[in-house]
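A structural walkthrough
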Amino acid sequence: MTVATGWLWDLLVQLRDARFIDLTHTFEPGIPHAEDMPDESSRLIYDFDTDGFRAHVYEFAGQWGTHMDPPSHYIRDGDSIDAIPVAKMLLPLVVLDIRDKVAENPDYAAEVADIEAWESRNGRLPAGCFVALRSGWSERWPSGASMHNKDAAGVSHFPGWGLELMRFLVEEREIAACGHETTDTDPGRLVSADEFPAETYVLEQGRYQVEMLASLDQVPQAGSIISCTAPKPRGGSGFPARAFAIVPEPAGD
């Protein structure tokens, strides 16, 4: 191999000087999840004592833990998870921090003004980026009751994306994907009413999303890269993901 063809290896050496942040919750039975989804079950089918090796069988909904939703999750003719190009799984990462708004109003839906304020500090969003909504809600993990935050009438109160902002991000900024810390895209009060306008829209537009992200508090608002990967089930409508950020800060700082 010549020096000219080894540039990716050189790039990897540089990336190893950055910080790698795991954005993925560990999944197991009993973790927070959409309430209409069944709980996970798993069992050991081979063990060292009897077989000399270990293997498990897992059963869970595709939308389990930190997971990737392709368009086909909500759109009948939308692309399934195996159709997502791997080139769209490594993207510039933008973190939109709405924690102050959520502290005042747990039902807060992120607005166009929030991204305009982000751009006033950081410049225009890069086309083809991944926008992660940092609400601070992942600090409630692993309590399902705290994540759903229901009132006495059974209505959930958690933040989410506003439809107007989602339209702006797709149509005006051409984002490739998005993600959030909560169990759903839309605010809990809408989810409790079986209304999913922002989620339906973003998947209808051929974008994918990652739900229940973790550790966004360790990622700056701009300048990082996100890797979102998932298994490749044929026709899959969702699957647990492994997402991580590469942050332009020295490891250990």
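Notes on the structure in this doc start here. Computed from a prediction, not measured in an experiment: that's the story for all the values here.

Thresholds, definitions, all that
Residues numbered from 1 in each chain as written. Predicted model: local features only at pLDDT ≥ 70, side-chain atom pairs only at ≥ 80, totals over all residues. Heavy atoms only, no water. Pairing = 2+ DSSP bridges. Helix = DSSP H or I, 4+ residues; strand = E, 2+ residues; numbered from the N terminus. Phe/Tyr/Trp six-rings, centres within 6.5 Å; stacked < 30°, edge-to-face > 60°. Lys NZ or Arg CZ within 6 Å of the ring centre and 35° of its normal. Contact = heavy atoms within 4.5 Å. Buried < 20%, exposed > 50% of the residue type's maximum accessible area, 1.4 Å probe, protein only. Polar contact = N/O pair within 3.5 Å; in protein donor to acceptor, adjacent residues only side chain to side chain. Salt bridge = Lys/Arg side-chain N within 4 Å of Asp/Glu carboxyl O.

So, the pairing of strand S11 (residues 224–229)
Pairing of strand S5 (residues 90–97) with S11 involves four bridges; the strand directions are antiparallel. Looking at the pairing, Leu90 lines up with Ser227 of S11.

Points about the packing of aromatic side chains
Taken as a whole and judged by the stated rule, the model has six aromatic pairs. Taken together, the ring pairs connect Phe27, Phe60 and Phe239 into an aromatic cluster. Looking at Arg140, its charged tip hangs above the ring of Trp137, at a distance of 3.7 Å from the centre.

Structural notes on the environment of Ala109
Structurally, Ala109 can be placed in strand S6 (residues 109–110). Separated by 56 residues in the primary sequence, Ala109 and Leu165 place their C-alpha atoms 8.9 Å from one another. Not counting residues up to four positions away in its chain, the partners in contact with Ala109 are Gly160, Trp161, Gly162 and Pro187.

Considering the side chain of Thr183
Note on placement: Thr183 falls in the loop between strand S9 (177–180) and helix H7 (188–192). Taking the relative accessible area as the measure of exposure, Thr183 reaches 3% and is therefore buried. A polar contact of 3.2 Å, which involves the side chain of Thr183, links it to the side chain of Asp184. Ignoring any residue separated from it by four or fewer positions in sequence, one finds Thr183 in contact with His33, Met147, His148, Phe158, Glu211 and Met212.

Points about the sheet that holds S5
If you walk across this open sheet you meet the nine strands as S1-S13-S11-S5-S7-S9-S10-S4-S12, and the pairing is mixed. Either end of the sheet is taken by a strand with one partner, and the two such strands are strand S1 (19–22) and strand S12 (239–240). Examined bridge by bridge, strand S7 (residues 130–134) and S9 share four bridges and lie parallel to one another. Among the inter-strand pairings, Leu133 is bridged to a residue of S9, identified as His180.

Observations regarding the pattern of salt bridges
Applying the stated criterion across every chain, the model contains eight salt bridges. The salt bridge involving Asp22 is made with Arg242; its shortest N-O contact spans 2.9 Å. Of this pair, Asp22 sits in strand S1 while Arg242 sits in strand S13 (residues 242–247); the two residues are 220 residues apart in sequence, bridging distant segments of the chain. Two residues, Arg54 and Asp47, come together in a salt bridge whose shortest N-O distance is 4.0 Å. Given the relative accessible area of 23%, Asp47 is considered partly exposed. Taken together, the shared-partner salt bridges connect Asp97, Arg99 and Arg134 into one network.

Digging into the side chain of Glu119
Structurally, Glu119 can be placed in helix H4 (residues 112–122). Assessed through its relative accessible area of 14%, Glu119 is described here as buried. Not counting residues up to four positions away in its chain, the partners in contact with Glu119 are Arg124, Leu125 and Arg173.

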